[in-house]
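Summary of the model geometry
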Protein chains: 2
Amino acid sequence: MAEKTVQGAQVVGRVAQLLRIVGRSPEGGVALPAIVEASGLTRPTVYRLLNSLAAEGLLDHHAETGMWHLGPEIYVLGAVAANRYAIEDLARPSLQRLADETGESAFLSIRRGDETVCLLRVEGSFPVRSFVLHEGVRFPLGVASAGLAIMAFLPDAEVDRLLDDGGARAARFGPAHTAERIRANLEVTRRNGYTVNPGLILEGSWGMGAAVFDRQSNPAWALSLTGIEQRFRPERQEFLGKLLLEEAHKITQQLGDQASGR
Amino acid sequence: MAEKTVQGAQVVGRVAQLLRIVGRSPEGGVALPAIVEASGLTRPTVYRLLNSLAAEGLLDHHAETGMWHLGPEIYVLGAVAANRYAIEDLARPSLQRLADETGESAFLSIRRGDETVCLLRVEGSFPVRSFVLHEGVRFPLGVASAGLAIMAFLPDAEVDRLLDDGGARAARFGPAHTAERIRANLEVTRRNGYTVNPGLILEGSWGMGAAVFDRQSNPAWALSLTGIEQRFRPERQEFLGKLLLEEAHKITQQLGDQASGR
DNA sequence: AACCGCTTGTCCACAACATGGACAGCAAGG
DNA sequence: CCTTGCTGTCCATGTTGTGGACAAGCGGTT
């Protein structure tokens, strides 16, 4: 989080931070005070920056509700950038199949630095759903099934670096997120190929995930399923894990097949 | 271009400008000097800002070539924003049909302030192609068939405002872009429904376009076709125009059908 | 080799610019 | 009526961004 920003560019860091905060907010948008709180900046500063960003079209300010959203310019730039980073088209059919066959909600997350960001969601048919995860939500690697699935296939040195945060992660996401318990989970994940999150973030809200690998065989994305504990009993985990791995492999393969140009 | 930036936010404007410049560059990326030139800022400033943006993941700097690209963070944010602005999924099939049936290249552009931005491109089968237009390219409204098609269905006051510089903004893209000639084109466009750009930007490079309307009946997007003059003879224009209008109507309709929530 | 033109990367004195404390105005709730 | 929490704005302050200037690298031309 505390990047050593390039010298002479404080604002750029702040702007990026604000964009991320607004981006990870749920569909209804975020209000100013929440952004102030999340950013740790003073209110006038946030106010001014948000308005400038809105003037550039990077953010949108709903006049009635006062809520802030990502703006059209971000959408436009992102659409252009997507030509270089396209994976969603490949992943969406997999998510649909996962949701259809399991009844749970299925997600695609992408690794972004030391975090995962949820990109796509397909709701399952099962009537009880968790709303911990949705498009734009970020978790540090090691938290939530997507981040665990990815982390399990990172080099040891990387894992060590990520876990060595002096307990900040555990403090934010619950006492279950100690370095030791995460390591144990990664161990099991490496053996099975898929990971299980037994309600670590929110009690009763379970998840499973499997990593998708880029052309250099780095775990860059993850598929995951979420639902309530009762739907993730041990006897069903094997079935769900197999499905996740199948779909993850499919995507990994398709990514490899693509001509490496563009 | 010269927006009255919100007070106390010079950098935000600069940052947004840099993102746009990098975003509209072709696939190979842009080099620093070109960005300096395009932005009108001094080199150290651009250098510093670009590096900060890259540190935040908003830009990407290819180490070998030195080229700048839109970064993963933009992609991620854009993917999240796309939930609010989705049109590409609706438009892609139309573009495909247009390209298949005509052999020309088909494009989707979106209105963004006083410009259009090209979002999607589907190459046609015809072996001679123009590369004036590609994803990320921006033209002022009134230039290129997409911008003309959109402008033709804007309120008169809006049109006046856009042209009250005598077409100076448009004239950057060729001497044919005077206010009078643009008005004449808009006139014809309103009658036909579709617009024809008879090589105004680049001699011999023709285009045709039709507007797509949002739920408030504003022309917010445009479909367009481009190709060489010989493929846009009067007798073929009617055929191409009819196809464009059909597909544009299809998309407009689908947009209207969508539940207005999310 | 010496020179040129063009590039990237870095420094630092200067002052322009972003900053944030403070205040006004408004709406909702007790 | 007072309190709480919000949005929007001002402006003195000094932190922060700025850009002129210089160093160094690279490839081509004479």
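All of these numbers come straight from a predicted model, not from anything done at the bench.

The rules we used
- Residues numbered from 1 in each chain as written.
- Chains lettered and ligands numbered in written order.
- Predicted model: local features only at pLDDT ≥ 70, side-chain atom pairs only at ≥ 80, totals over all residues.
- Heavy atoms only, no water.
- Phe/Tyr/Trp six-rings, centres within 6.5 Å; stacked < 30°, edge-to-face > 60°.
- Helix = DSSP H or I, 4+ residues; strand = E, 2+ residues; numbered from the N terminus.
- Buried < 20%, exposed > 50% of the residue type's maximum accessible area, 1.4 Å probe, protein only.
- Near = heavy atom within 4 Å.
- Polar contact = N/O pair within 3.5 Å; in protein donor to acceptor, adjacent residues only side chain to side chain.
- Nonpolar A, V, L, I, M, F, W, Y, C, P; charged D, E, K, R; others polar.
- Contact = heavy atoms within 4.5 Å.
- Buried area = accessible area lost by both parts, 1.4 Å probe.
- Salt bridge = Lys/Arg side-chain N within 4 Å of Asp/Glu carboxyl O.
- Least-squares fit on C-alpha atoms with pLDDT ≥ 70 in both.
- Domains from an automatic or database assignment.
- Expected span 1.5 Å × (residues − 1).
- Bend = angle between axes of the 7 residues up to and from the residue.
- Pairing = 2+ DSSP bridges.
- Axes fitted to C-alpha atoms, helices over the stretch in contact; angles between N-to-C directions.
- Parallel < 35°, antiparallel > 145°, perpendicular 65-115°, else oblique.
- Left-handed = near helix turned anticlockwise from the far one by under 90°.

**Examining the packing of aromatic side chains**
Residues and elements named next belong to chain B. Evaluated as defined, the whole model comprises 6 aromatic pairs over all chains. Aromatic side chains Phe 153 and Phe 213 sit 5.5 Å apart centroid to centroid with 75° between the ring planes, which places their arrangement in the edge-to-face category. Here Phe 153 is found in the loop between α6 (144-151) and α7 (156-163), whereas its partner Phe 213 is found in strand β7 (residues 205-213), with 60 residues between them in sequence. Classification of Phe 153 as partly exposed rests on a relative accessible area of 28%.

**Focus: the protein's contact with DNA strand D**
Surveying the vicinity of DNA strand D reveals 15 residues, the closest of which are Gln 10 and Arg 43 of chain A together with Arg 14, Thr 45 and Arg 48 of chain B. Within the backbone of Gln 10 of chain A, a nitrogen or oxygen atom sits 2.4 Å from a phosphate oxygen of DNA strand D. Within the side chain of Arg 14 of chain B, one N or O atom sits 2.7 Å away from a phosphate oxygen of DNA strand D. Those elements that provide at least two residues to the surface near DNA strand D are α1 (10-23), α2 (32-39) and α3 (43-55) of chain A together with α1 (10-23) and α3 (43-55) of chain B. Broken down by class, the residue content of the surface near DNA strand D amounts to 7 nonpolar, 5 polar and 3 charged.

**Comments concerning the interface of chain A and chain B**
Listed per partner, the contact involves 56 residues of chain A and 56 residues of chain B. Between chain A and chain B, the buried area comes to about 4,700 Å², and carbon and sulfur atoms account for 63% of it. Here chain A is connected to chain B by 8 salt bridges. With a closest N to O distance of 3.2 Å, Arg 20 of chain A and Glu 56 of chain B form a salt bridge. Counting every contact that joins chain A to chain B gives 18 residue pairs in polar contact (both at pLDDT 80 or more). Broken down by secondary-structure element, the contributors of at least two residues to the side of chain A that touches chain B are α1, α3, β2 (68-70), α4 (72-85), α5 (88-102), β3 (105-112) and β4 (115-122) of chain A. Considering only residue class, the side of chain A that touches chain B consists of 27 nonpolar, 13 polar and 16 charged.

**Quick look at the relation of the copies chain A and chain B**
You can overlay chain A on chain B at an RMSD of 0.6 Å; the transform is a turn of 180° with a shift of 0.0 Å along its axis. The operation mapping one copy onto its partner corresponds to a two-fold rotation axis. The rotation axis passes nearest to the C-alpha of Gly 78 of chain A in chain A, at a distance of 1.9 Å. A high fraction, 100%, of the interface residues of chain A reappear at the interface in chain B, so the copies pair face to face through one surface.

**Remarks on the domain arrangement of chain A**
All names here are of chain A. In terms of domains, chain A is made up of domain 1 (10-78) and domain 2 (86-257). The C-alpha centroid of domain 2 is placed 28 Å from the C-alpha centroid of domain 1. Opposite the 6 residues of domain 1 that make contact, domain 2 presents 6 residues. Taking both partners together, domain 1 and domain 2 bury about 410 Å²; carbon and sulfur atoms supply 50% of that area. At the surface where domain 1 touches domain 2, the tally comes to 0 salt bridges. Each residue belonging to the side of domain 1 that touches domain 2 can be placed in one class, and the counts come to 1 nonpolar, 2 polar and 3 charged.

**A short note on α4 of chain A**
Residues and elements named next belong to chain A. Taking 1.5 Å per residue as the helical rise, α4 with its 14 residues ought to reach 20 Å, and the 19 Å between its terminal C-alpha atoms agrees with that figure. Of all the bends in α4, the greatest, near 25°, is centred on Ala 79. With 11 of 14 residues buried, α4 is to be regarded as a mostly interior element.

**Digging into the protein's contact with DNA strand C**
Close to DNA strand C lie 14 residues, the nearest being Arg 14, Thr 45 and Arg 48 of chain A together with Gln 10 and Arg 43 of chain B. The share of sugar and phosphate among atoms of DNA strand C within 4 Å of the protein is 65%. Contact distances for DNA strand C include 2.7 Å between a phosphate oxygen and a side-chain N or O atom of Arg 14 of chain A. Those elements that provide at least two residues to the surface near DNA strand C are α1 and α3 of chain A together with α1, α2 (32-39) and α3 of chain B. Examining the composition of the surface near DNA strand C, we find that 3 residues originate from one element, α3 of chain A, more than from any other. Its residues placed into classes, the surface near DNA strand C shows 6 nonpolar, 5 polar and 3 charged.

**What about the side chain of Arg 121 of chain B?**
Position of Arg 121 of chain B relative to the elements: it lies in strand β4 (residues 115-122). Separated by 3.5 Å, the side chains of Arg 121 of chain B and Glu 123 of chain B make a polar contact.

**Some points on the pairing of strand β8 (residues 219-228) of chain B**
Residues and elements named next belong to chain B. When you tally the buried positions in β8, you get 9 out of 10 residues, the bulk of the element. As paired elements, strand β3 (residues 105-112) and β8 share 6 bridges and run antiparallel to each other. Looking at the pairing, Ser 105 lines up with Thr 226 of β8. Pairing of β7 with β8 involves 9 bridges; the strand directions are antiparallel. Across the sheet, the residue bridging to Trp 206 is Gly 227, located in β8. Counting the residues in the hairpin turn of β7 and β8 gives 5 residues, including Ser 217, whose phi is positive at 65°.

**A word on the packing of helix α6 (residues 144-151) of chain A against helix α9 (residues 179-192) of chain A**
All names here are of chain A. Running from N to C, α6 and α9 cross one another at 70°; their axes reach a closest spacing of 9 Å. Of the possible angle classes, the one that applies to α6 and α9 is roughly perpendicular. Judged by the sense of rotation from one axis to the other, the crossing of α6 with α9 is right-handed. Within the contact between the two elements, α6 uses Leu 148, Ala 149 and Met 151 and α9 uses Ile 182, Asn 185, Leu 186 and Thr 189. Partitioning the contact of α6 with α9 into residue classes produces 5 nonpolar, 2 polar and no charged.

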